[in-house]
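Structural characterization, general
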Amino acid sequence: MAASAQEVPGGVIVRPAREADLEAMSRLTARSYHELDVRTRQRDWPDPEMRSPGRSNHWIRRTHHTLHTDPEGCWVAEAEGEIVGCAVSRVRELMWILASFAVAPGLQGQGIGEQLLAAALHHGRGCLRGMLAASADPGAVRRYRLAGFSLHPQMFLTGVVNRDALPLVERVREGSAGDIDLMNSLDRRTRGAAHLSDHDVLLEQFRLIVIDQPGGQGYAYVDETGAPALVAASTRRTAADLVWEALASTRPGSTVSVSHVTAANEWAVDVGMAARLSLHQSGYLCLRGMKPPTPYLHHGSLL
Ligand SMILES: CC(C)(COP(=O)(O)OP(=O)(O)OC[C@H]1O[C@@H](n2cnc3c(N)ncnc32)[C@H](O)[C@@H]1OP(=O)(O)O)[C@@H](O)C(=O)NCCC(=O)NCCS
């Protein structure tokens, strides 16, 4: 498929995304994901919240970056001049990554998502591997399985860290752009493809911590709540130390989550349980041409 507009039934046009669409894409994805969270949330989970203005800015910055690196991977569905769907994807080395995928709540189940996903997948046609973090939406998961992805259930641990359980972690240092080569090499070793320029965006949005010792190398991006947003390491022990360092940075008494844990990463379940967080399950890591990365906790959209 060339990067041009396609008409789908119902007068909806699927066309390449433009910079001017970013605000509308951000609003649409926030609305669709929130509606999904309300629809699929378990009763004992906190009430879902709409994406905050700060997180929306991060979403726009990440998507702006992807629009520049991968213009042919970013698509919108438009009806009567309004953005009603989008799919944002990128190629890093030989891996295709789906970052965002949403259709307006009132228009779902009519084939718009299928067209958007086909356009985004075409961008990755030369790739050996594919990776995306799926929501719990049965319609989304149906689309991914039909596109040949294996579905690996994701766990998450959440709660208030028991600070008496925090071990002394000595080898960790603050990271910087000078660590990008090290991080790209850990990315290739764990997930089979480097993040390349996505590290620039991650460095802007998170605190970076690094372990670089003869016995183990690894890095973690940590958000403002102390949650590890992305972890890659050469050994499970190193990965566990990085998550402990992240958990140590939580404010006492505040809730933190360790997300995107696959069964291949039981070391993270063990850290979370030792910190007295509680274990839940939500969504899937969807993979094509690869096994679940380990020791690794993926980022939701930069993976
Ligand atoms: C996922 C999403 C983008 C798909 O867009 P869409 O326009 O609804 O997709 P389509 O209509 O092309 O395909 C959905 C498929 O799931 C099916 N489906 C819908 N609800 C379903 C359910 N509860 N159980 C099983 N199948 C379901 C539809 O019948 C359709 O399959 P078919 O084409 O074989 O009949 C959209 O539903 C959405 O925005 N969901 C909320 C946000 C989200 O979860 N995004 C994905 C993040 S990873």
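Quick caveat: nothing in here was measured; it's all calculated off a predicted structure.

Here we come to the nonpolar core. In this structure, Met-25, Trp-96, Leu-116, Leu-132, Tyr-144 and Phe-149 are the most contacted members of the largest nonpolar core, which totals 40 residues. Contacts of Tyr-144, omitting those with residues within four sequence positions, involve Leu-98, Phe-101, Leu-117, Leu-132, Ala-134, Phe-149 and Cys-286. The next biggest cluster of nonpolar side chains, apart from the first, holds 29 residues, and it includes Ile-211, Ala-227, Trp-244 and Leu-277.

Around the ligand, a shell composed of 23 residues is seen, among which Phe-101, Gly-109, Ser-135, Asp-137 and Arg-143 lie nearest. Gln-110 is positioned such that a nitrogen or oxygen atom in its backbone is 3.2 Å from an oxygen atom of the ligand. Between the ligand and Asp-137, the relevant distance is 2.7 Å, taken from a nitrogen atom to a side-chain nitrogen or oxygen of the residue. In isolation the ligand has 950 Å² of accessible area, and contact with the protein removes 74% of it. Elements that contribute at least two residues to the shell around the ligand include exactly helix H1 (22-40), strand S5 (95-103), helix H3 (112-123), strand S6 (129-134) and helix H4 (138-146). Of all the elements, H4 adds the most residues to the shell around the ligand, at six residues. Here the residues of the shell around the ligand are counted per class, giving 11 nonpolar, eight polar and four charged.

A word on H3. For H3, built from 12 residues, the straight-helix expectation of 16 Å at 1.5 Å per residue is met to within 8% by its first-to-last C-alpha distance of 18 Å. Contacts made by the buried residues of H3 are with strand S2 (12-16), strand S3 (74-79), strand S4 (82-92), S5, H4 and strand S13 (278-288).

Turning our attention to the pairing of strand S9 (residues 207-213). Relative to S9, strand S8 (residues 173-174) runs antiparallel, the two sharing two bridges. The partner of Glu-174 across the bridge, within S9, is Ile-209. Taken together, the seven bridges between S9 and strand S10 (residues 216-222) define a ladder with antiparallel strand orientation. Its bridge partner being in S10, Gln-213 is matched across the sheet by Gly-216.

Domain assignment breaks the protein into domain 1 (6-127) and domain 2 (157-281 + 288-297). Between the C-alpha centres of domain 1 and domain 2 there is a distance of 27 Å. The interface is formed by 14 residues belonging to domain 1 together with 15 residues belonging to domain 2. Of the roughly 1300 Å² buried between domain 1 and domain 2, counting both surfaces, carbon and sulfur atoms make up 51%.

We now examine the pattern of salt bridges. The final tally for this structure, using the stated rule, is 16 salt bridges. For the salt bridge of Arg-207 with Glu-245, the shortest nitrogen-to-oxygen distance reads 3.6 Å. Taken together, the residues Arg-207 in strand S9 and Glu-245 in helix H7 (residues 236-248) connect sequence positions 38 residues apart. The partly exposed category is assigned to Arg-207, whose relative accessible area is 28%. Linking Asp-241 and Arg-237 is a salt bridge whose minimum nitrogen-to-oxygen distance equals 3.5 Å.

Scoring rules and cut-offs
- Along each chain, residues carry numbers from 1 onward, in the same order as the chain's sequence is written.
- Per-residue local features are limited, in this predicted model, to residues with pLDDT of at least 70; the limit for side-chain atom pairs, both in listing and counting, is 80 or more; totals at the level of whole chains, interfaces and linings are taken over all residues.
- No hydrogens and no water enter the side-chain calculation; it runs on all heavy atoms of the structure.
- Put simply, buried Ala, Val, Leu, Ile, Met, Phe, Trp, Tyr and Cys residues joined by side-chain atoms within 4.5 Å make one nonpolar core.
- Exposure is judged per residue with a 1.4 Å probe applied to protein chains only, and the accessible area is read against the type maximum: over 50% gives exposed, under 20% gives buried, and values in between give partly exposed.
- Pairs of residues are marked as contacts when any of their non-hydrogen atoms sit within 4.5 Å.
- The rule for a residue being near a molecule or strand is that one of its heavy atoms must lie within 4 Å of it.
- Here a polar contact means two N or O atoms within 3.5 Å. Within protein one must be a hydrogen donor candidate and the other an acceptor candidate, and residues neighboring in sequence count only if both atoms are side-chain atoms.
- Areas reported here follow the Shrake-Rupley algorithm with a probe of radius 1.4 Å; residue values treat only the protein chains shown as occluding.
- Counting from the N terminus, the helices are DSSP H or I runs at least four residues long and the strands are E runs at least two residues long.
- Classification used: nonpolar for Ala, Val, Leu, Ile, Met, Phe, Trp, Tyr, Cys and Pro, charged for Asp, Glu, Lys and Arg, polar for all others including Gly.
- A helix's residues, less one, multiplied by 1.5 Å, set its expected span.
- Pairs of strands are assigned from DSSP output, requiring at least two bridges between the strands.
- Segmentation of the chain into domains, including their bounds, is taken from an automatic or database domain assignment.
- When two components associate, each loses some accessible surface as probed by a 1.4 Å sphere; the sum of these losses over both components is called the buried area.
- When a carboxyl oxygen of Asp or Glu is within 4 Å of a side-chain nitrogen of Lys or Arg, the pair counts as a salt bridge.

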